[in-house]
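# Chains, contacts and geometry: an overview
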Amino acid sequence: MTYADPSDLVRGGEVHRDLFVDQKLFDQEMSNLFANCWVYVGHESQVPKRGDYYATTIGSQPVIMVRQKDGTVKVIYNRCPHRGVQLVNEGHGSVGPMFRCPYHAWTFNTDGSLFGVPVKDGYKESGFSESCASHGIEGVATHVYRQFVFARLAREGIGFEEFFGESLTTIDNMVDRSPEGRLEVAGAPLRYMHYCNWKMLVDNQTDTFHPMIAHESSAGTVRKIWEESGAQGPKPMVVEVVLPFTAKHEFYVEMGIRTWPNGHGHTGTKYSIHSDYTLPKEYTDAMEAAYGAERAEAILQEARHNTVYFPNMTMKGAIQTLRLFKPLGPDRTLVESWVFRLAGAPDELLERSALYNRLINSPTSIVGHDDLEMYERAQQGLKVSATPWVNYQREFHPGERYDSTQLWSGQSEVQMRNQYDAWVKFMKPAVSGEEVQA
Ligand SMILES: [Fe+2]
């Protein structure tokens, strides 16, 4: 099953093209990488009441995030232990006090434990009590951090705190931007298919060199229209959001990059394209009342650009959006773009977040489709076997390490190298449930 030693495919700031095109390597990512890492599943506000569920996938594995009787949230596999039927369809809803398989009516408590099997007499002396099925639905290691739900499929592996470390400060900042210290998912995400490898989308998040080139035609047009109109008066929200994409190279260099161990990192250590948004007085007053003037100012000044939570989630705390790149195949990725409401904040902030999501993150937007075109061209171009290596050497120095928090120039491709370093690390075989029981 093992394709190759993954460490042979990442070397000195270069990555082998097979990482983007090879099916066997993709399968290895699903069985190893996506099992070894803590992967984002969903937000607690998606399942407010007991029995509420949200069905999704971690890598290729169908899972359910479900609210328990005691108020906690658990992640379990979406598979009836009887004959394998998915207990709920992908999406969300409520199972009430228990799951009931639609095929043979086996029932399970919301924590996955077996509640009842019809025709119990038929299992007498069948060996059922020793069977896999008698254990109920298999659970997954779950950790909730400030309402964000993560899970690790591997039975053994890195702990949550060790995996994320200081990178959790981006989640902190997004939550702290609520005067009540609480977020709510605002409706369904934008969901769309990209015909490219999932890692291209992750790379793009800290690729500070592309906006002035790939987005020149779209964002540049907004600037032109705004300047031709006289650039007078308060900027319309759409102009305020799109104009920073036209910033010059120096802006992105100075903006800075911070890397954390295990493939996490962010752009915008000093400022970012989100720094100069207009904030309604009603909101800053509410923040000052909640945190005090000094702390409120510190929270709002921390306007990080994109944070990558390795392997496949990215977050913009300052605009309250989250993107999840769900791998479906080496050349197919389902992208979900979520928007959050800051509890206790005026609707104008949610309006800007929703506008940002439509305008920047959607492939039918004026910005997102620039990126999509580049990903899909790269997916095609990487078929060229005569050039097997993909280059990430901007500001690379041999011996570069990623095992501590570090600051870098904003034009470095270091965060992408950090991701591929973590890719090698977490591609080692995962400890699956099956292996533990054997
Ligand atoms: Fe872009």
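Sequence order as written defines the numbering, with residues in each chain counted from 1. Where local features are concerned, this predicted model is filtered to residues with pLDDT of at least 70; where side-chain atom pairs are given and counted, the filter is 80 or more; whole-chain, interface and lining totals use all residues. Only heavy atoms go into the side-chain values, all of them from the structure, while hydrogens and water stay out.

### Focus: the nonpolar core
Grouped together as the largest cluster of nonpolar side chains are 77 residues, with contacts concentrated most on F20, L33, F148, F150, I171, F340 and W423. What counts as a helix is a DSSP run of H or I of at least four residues, what counts as a strand is a run of E of at least two, and both are numbered from the N terminus. In terms of residue count, the dominant contributor to this core is helix α2 (residues 23-36) (6 residues). Residue assignment places this core across two domains, with domain 1 (39-152) and domain 2 (188-426) each supplying three or more. What makes two residues a contact is simply this: any of their non-hydrogen atoms within 4.5 Å. Setting aside residues up to four positions removed in sequence, I171 forms contacts with Y145, R146, F148, F150, Y309 and M315. Note on terminology: a nonpolar core comprises buried Ala, Val, Leu, Ile, Met, Phe, Trp, Tyr and Cys residues joined through side-chain atoms within 4.5 Å. Partly exposed describes any residue whose relative accessible area lies between the buried limit of under 20% and the exposed limit of over 50%, with all areas from a 1.4 Å probe on protein chains only and scaled to the type maximum. Of all hydrophobic cores here, the second largest spans 20 residues; its members include W226, V239, F245 and I319. For each domain, the first and last residues come from an automatic or database assignment.

### Side note on the packing of aromatic side chains
Stacked, tilted and edge-to-face pairs are distinguished by plane angle, under 30 degrees for stacked and over 60 for edge-to-face with tilted covering the rest, among Phe, Tyr and Trp rings (Trp via its six-membered ring) whose centres lie within 6.5 Å. With the rule as written, the count across this model stands at 21 aromatic pairs. Here the aromatic rings of F20 and Y420 are separated by 6.4 Å at their centres, their planes lie at 65 degrees, and the arrangement is edge-to-face. Linking F20 in helix α1 (residues 18-21) with Y420 in helix α14 (residues 414-426), this pair joins segments that are 400 residues apart in sequence. Judged by its relative accessible area of 2%, F20 is buried. A relative accessible area of 2% means that Y420 is categorised as buried. An angle of 35 degrees between the planes, with centres 6.5 Å apart, marks the rings of F310 and F426 as tilted. With a gap of 116 residues between them, F310 in the loop between β17 (307-309) and β18 (313-316) and F426 in helix α14 connect regions that are remote in the sequence. For the pair shown, F310 and F426 are each scored as buried. Through a chain of ring-to-ring contacts, three or more aromatic side chains come together here, namely W38, Y40, Y145, F148, F150, F160, F163, F164, Y309, F310, F340 and F426. Look at NZ for Lys and CZ for Arg. If either is within 6 Å of the ring centre and within 35 degrees of the ring normal, a charge sits over the ring. The ring of W389 has R11 lying over it, and the distance from NZ or CZ to the ring centre is 3.8 Å.

### Regarding the packing of helix α5 (residues 198-205) against α14
What counts as an axis is a line fitted to C-alpha atoms, over the stretch in contact for a helix, and the angles between N-to-C directions run from 0 to 180 degrees. The interhelical angle for the contact between α5 and α14, taken along N-to-C directions, is 140 degrees, at an axis separation of 9 Å. When the axes of α5 and α14 are compared, the pair comes out oblique. For the pair α5 and α14, the contacting residues are K199, V202 and D203 in the first and M416, Q419, Y420 and W423 in the second. When the residues that make up the contact of α5 with α14 are grouped by side-chain class, the tally is 4 nonpolar, 1 polar and 2 charged. Each angle is binned into one of four classes, with values under 35 degrees roughly parallel, values over 145 roughly antiparallel, values of 65 to 115 roughly perpendicular, and all other values oblique. When residues are grouped by polarity, Ala, Val, Leu, Ile, Met, Phe, Trp, Tyr, Cys and Pro land in nonpolar, Asp, Glu, Lys and Arg in charged, and all others, Gly among them, in polar.

### A word on the pairing of strand β11 (residues 139-145)
Look at any regular strand and the pattern is simple: side chains alternate between the two faces of the sheet. One ladder, built from 2 bridges, connects strand β6 (residues 73-77) with β11; its direction is antiparallel. Paired with I76 across the bridge in β11 is G139. The pairing criterion is simple: DSSP has to find at least two bridges between the two strands. Relative to strand β12 (residues 148-152), β11 runs antiparallel, the two being bridged by 5 bridges. Paired with Y145 across the two strands is F148, which belongs to β12.

### Re the domain arrangement of the protein chain
Annotation of the protein chain at the domain level lists domain 1 (39-152) and domain 2 (188-426). Here domain 1 and domain 2 have C-alpha centroids that lie 34 Å from each other. If you look at the interface, domain 1 gives 11 residues, while domain 2 gives 12 residues. What gets called buried area is simply the loss in accessible area from a 1.4 Å probe that two parts show on being joined, summed for both. Interface area for domain 1 against domain 2, summed over the two sides, is near 870 Å², with a carbon-plus-sulfur share of 67%. The largest contributions to the domain 1 side of the interface with domain 2 come from V39, Y40 and F148, which together make up 45% of the buried area. For this analysis, a salt bridge means a side-chain nitrogen from Lys or Arg found within 4 Å of a carboxyl oxygen belonging to Asp or Glu. Summed over the shared surface of domain 1 and domain 2, the number is 0 salt bridges. Counted as a polar contact is a pair of N or O atoms within 3.5 Å, where, for protein atoms, one must be capable of donating a hydrogen and the other of accepting one, and residues adjacent in sequence contribute only when both atoms are in side chains. The interface formed by domain 1 and domain 2 holds 1 residue pair in polar contact (both at pLDDT 80 or more) in total. Of all the secondary structure elements, the ones that give two or more residues to the side of domain 1 that touches domain 2 are β3 (39-43), β4 (52-58) and β12. Each residue belonging to the side of domain 1 that touches domain 2 can be placed in one class, and the counts come to 5 nonpolar, 5 polar and 1 charged.

### A word on the side chain of D172
Checked against the element boundaries, D172 lands in helix α4 (residues 169-176). For D172, a relative accessible area of 18% translates into the label buried. Not counting residues within four places of it along the chain, the set of residues in contact with D172 comprises Y145 and R146.

### A few points about the sheet that holds strand β5 (residues 61-67)
Strand order across the open sheet formed by 7 strands is β3-β12-β11-β6-β5-β4-β7, with antiparallel pairing between neighbours. The open sheet terminates on both sides in strands that have one partner only, identified here as β3 and β7 (91-94). Across this sheet, the average inter-strand angle for adjacent strands is 30 degrees, counted without regard to direction. Against the sheet, α4 makes contact with β11 and β12, and its axis sits at roughly 155 degrees relative to β12, the strand it touches most.

### Things to note about a negative patch on the surface
Every patch collects residues that have over 30% relative accessible area and no salt bridge, joining them within 9 Å if they carry like charges and within 5 Å if they are nonpolar side chains (Val, Leu, Ile, Met, Phe, Trp, Tyr). Here the open area of atoms and residues is found with the Shrake-Rupley method and a 1.4 Å probe, where only the protein chains shown may cover a residue. When charges are counted, neither His nor the chain ends are considered; positive counts come from Lys and Arg and negative counts from Asp and Glu. To locate a charge, the coordinates of NZ of Lys, CZ of Arg, CG of Asp or CD of Glu are taken. Taken together, the side chains of E282, D347, E348 and E351 define an acidic patch exposed on the protein surface. By residue number, the principal contributor to the negative patch is helix α12 (residues 347-361), which donates 3 residues. Along the chain, E282 turns up in helix α10 (residues 281-291). Residue classification places E282 among the exposed residues on the basis of a relative accessible area of 57%.

### Observations concerning the coordination of the iron ion
Counted as donors are the N, O and S atoms within 2.8 Å of the metal, or 3.2 Å for Na, K and Ca, while water is not among the atoms, so some sites may look incomplete. Surrounding the iron ion are the protein donor atoms H210 (NE2), H215 (NE2), D371 (OD) and D371 (OD), which sit 2.1 to 2.5 Å from the metal. Taken together, the 4 donor atoms surrounding the iron ion define angles of 55 to 142 degrees at the centre, an arrangement classified as irregular. Donor residues for the iron ion sit on one chain with the sequence pattern H-x4-H-x155-D. Here H215 is found in the loop between α6 (211-214) and α7 (216-228), whereas its partner D371 is found in helix α13 (residues 368-381), with 156 residues between them in sequence. Given the relative accessible area of 2%, H215 is considered buried. Residue classification places D371 among the buried residues on the basis of a relative accessible area of 9%. Only four donors with every angle between 85 and 135 degrees are called tetrahedral; only four or six donors with opposite donors over 155 degrees apart and all others between 65 and 115 are called square planar or octahedral, in that order; all others are irregular.

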